[in-house]
Amino acid sequence: MAVEGCFGVGAAATVRYDAADPRRFEIQGWDATTADRVFAVVGSLLTGATLLALLIRLLIRLLIRPLGL
């Protein structure tokens, strides 16, 4: 049985940690950072577009129906 890619049993991974705070660590070689960046960028764009749409809708509602009417 072959393991596809570089992840799996026998894959090299390096653990780097902060000597001042050992709870902070990073495992290099564990995950691909490209996928994380893609999801972060896409999520940020979707969040920004949603906020922009809600802001435009709120402004239109305030302009069409003034407060107190």
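Structure first, text after, so check above.
Rules of the game
- Residues numbered from 1 in each chain as written.
- Predicted model: local features only at pLDDT ≥ 70, side-chain atom pairs only at ≥ 80, totals over all residues.
- Heavy atoms only, no water.
- Helix = DSSP H or I, 4+ residues; strand = E, 2+ residues; numbered from the N terminus.
- Areas by Shrake-Rupley, 256 points an atom, 1.4 Å probe, with all protein chains shown as cover.
- Salt bridge = Lys/Arg side-chain N within 4 Å of Asp/Glu carboxyl O.
- Buried < 20%, exposed > 50% of the residue type's maximum accessible area, 1.4 Å probe, protein only.

**Q** Can you walk me through the overall build of the protein in this structure?
**A** Each helix and strand in the protein was counted, giving one helix and two strands. When the helices and strands of the protein are placed in sequence order, the string is β-β-α. For the protein, the exposed area adds up to about 6800 Å²; of that, 66% sits on carbon and sulfur atoms.

**Q** What exactly am I supposed to notice about the pattern of salt bridges here?
**A** When the charged atoms of two side chains lie near each other, side chains of opposite charge can form a pair. Enumeration over the complete set of coordinates arrives at two salt bridges. Between Asp18 and Arg24 there is a salt bridge, and its shortest N-O distance comes to 3.5 Å. Among the ionic pairs, Arg23 bridges to Asp21, the shortest N-O distance being 3.2 Å. Residue classification places Asp21 among the partly exposed positions, given a relative accessible area of 22%.

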